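# An overview of the molecular structure
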Amino acid sequence: MIRALTTAILVFCGQTAVAQSFDTALADWLDGQDLPALQIIAEAAAEGDHEARLFLGTVEHMAELHGPAVAALDRAERIALFRAPGGLSGTSWLDGLTGDLAELLRDLDRVPTAPQTVATLYDMGEGRLSREAIRAQAKREHYDLVAASLALVPSLSDAVAGHMPGASSDPVLDDLATDPRAVLPRAVCGAECSAACLSQIVVAIGGHQGLMQLGSPISALIPEQVWNESARARMSVAGLARARATPLPSCAD
């Protein structure tokens, strides 16, 4: 009895320590630390931390969130950092992970992505992920699924603007100084931001389509307000521009 109780206490303490290491590493990552923070998160995932696995499985392919140190990793190093052991390329930490959000994220990667997945992600407050889900439907030309998703969440029509048949290539962006979608480009632009500089930043990240890619990678772990106030969020703007081989203008902070 005493041995069983002692074992239970040790397991609980171990789980608490792992969770705390993940929380600290996530805060460091948000503050702009790159590879060291991700390595600690990867260790937490390997030790069974649910949130660490959810995080790594979500951000693995969001290239704009990763700095030069991660970009410089070779294939084997990248697999070891972001993926669970198994097979030639590892496996996603999302595989086998329990919970509604994990299941929705797995469905996001499936072809086709179900309209209910789009709607449920939106209802859960996962703004960026719901936009990615409906944009994936449009990019794969599953326009019937896009229509079904929009019937459930009409407000996501902005996410697929420019992707639907007969639509213009990119919607016109009017007042970027007040547009809530441009909060991060404004943060990068700085306190003395001019309209011309802000416009150049938005063009560098891909215009309207780039704005749709901004936002917390997973709001369940990083609420939108916390994300918008982080160094990592500002770095993601430069990351989007870098992914398009279009550097940010010199006027950007």
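Residues numbered from 1 in each chain as written. Predicted model: local features only at pLDDT ≥ 70, side-chain atom pairs only at ≥ 80, totals over all residues. Heavy atoms only, no water.

## A look at the overall build of the protein
If you tally the helices and strands in the protein, you get 14 helices and zero strands. Taken from the N to the C terminus, the helices and strands of the protein come in the order α-α-α-α-α-α-α-α-α-α-α-α-α-α. Principal-axis analysis of the C-alpha atoms gives the protein an extent of 70 × 45 × 35 Å. Counting across all 253 residues of the protein, residues that qualify as buried make up 44%. Pairs at least 24 residues apart make up 61% of the contacts formed inside the protein by residues separated by at least 6 positions. Distance between charge centres in the protein, computed from 18 positive and 31 negative side chains, equals 4 Å. (Helix = DSSP H or I, 4+ residues; strand = E, 2+ residues; numbered from the N terminus. Buried < 20%, exposed > 50% of the residue type's maximum accessible area, 1.4 Å probe, protein only. Contact = heavy atoms within 4.5 Å. Lys, Arg positive; Asp, Glu negative; His and termini not counted. Charge placed at Lys NZ, Arg CZ, Asp CG, Glu CD.)

## Thoughts on the pattern of salt bridges
Counting across every chain of the model gives nine salt bridges. The closest approach of N and O atoms between R110 and E103, which form a salt bridge, is 3.2 Å. By relative accessible area, R110 is classed as partly exposed at 36%. One salt bridge in this structure joins R181 and D179, with 2.6 Å as the shortest N-O distance. A network of salt bridges, in which partner residues are shared, links E103, R106, D107 and R110. (Salt bridge = Lys/Arg side-chain N within 4 Å of Asp/Glu carboxyl O.)

## Focus on the nonpolar core
Residues W29 and F55 are the most contacted members of the largest nonpolar core, which totals 67 residues. Counting residues per element, this core draws most heavily on helix 2 (residues 35-46), at seven residues. (Core = buried A, V, L, I, M, F, W, Y, C linked by side-chain atoms within 4.5 Å.)

## Notes on the state of the cysteines
Enumeration over the complete set of coordinates arrives at two disulfides. A disulfide bridge connects C189 with C193, and the sulfur atoms are separated by 1.8 Å. Residues C189 and C193 are joined through a disulfide that is right-handed, its torsion about the S-S bond being 80°. Owing to a relative accessible area of 29%, C193 belongs among the partly exposed residues under this scheme. Between C197 and C251 runs a disulfide, and the two sulfur atoms are separated by 2.0 Å. The S-S bond linking C197 to C251 shows a torsion near 100°; that makes this disulfide right-handed. A residue pair is termed long-range when its members are at least 10 positions apart, and C197 in helix 11 (residues 195-204) and C251 in the segment after helix 14 (231-243) qualify at 54 residues. Residue C197 is classed as buried on the basis of its relative accessible area, which comes to 4%. Judged by its relative accessible area of 33%, C251 is partly exposed. Across the protein, the way the bonded cysteines pair up, counted in sequence order, is 1-2, 3-4. (Disulfide = S-S within 2.5 Å.)

## Looking at the packing of helix 7 (residues 115-123) against helix 9 (residues 143-152)
The interhelical angle for the contact between helix 7 and helix 9, taken along N-to-C directions, is 35°, at an axis separation of 8 Å. Of the two elements, helix 7 crosses helix 9, and the hand of that crossing is right-handed. In this structure, helix 7 contributes P115, Q116, V118 and A119 to the contact, and helix 9 contributes L145, A148, S149 and L152. (Axes fitted to C-alpha atoms, helices over the stretch in contact; angles between N-to-C directions. Left-handed = near helix turned anticlockwise from the far one by under 90°.)

## Here's the deal with the packing of aromatic side chains
For any pair of aromatic rings, the description rests on two quantities: the centre-to-centre distance and the angle between the ring planes. Scanning all chains against the criterion turns up three aromatic pairs. Taking 6.4 Å as the distance between ring centres and 65° as the angle between the ring planes, the aromatic pair formed by F22 and F55 counts as edge-to-face. On the criterion of sequence distance, the pair formed by F22 in helix 1 (residues 2-30) and F55 in helix 3 (residues 50-59) is long-range, its members being 33 residues apart. (Phe/Tyr/Trp six-rings, centres within 6.5 Å; stacked < 30°, edge-to-face > 60°.)

Any functional reading would require information that these geometric values do not contain.
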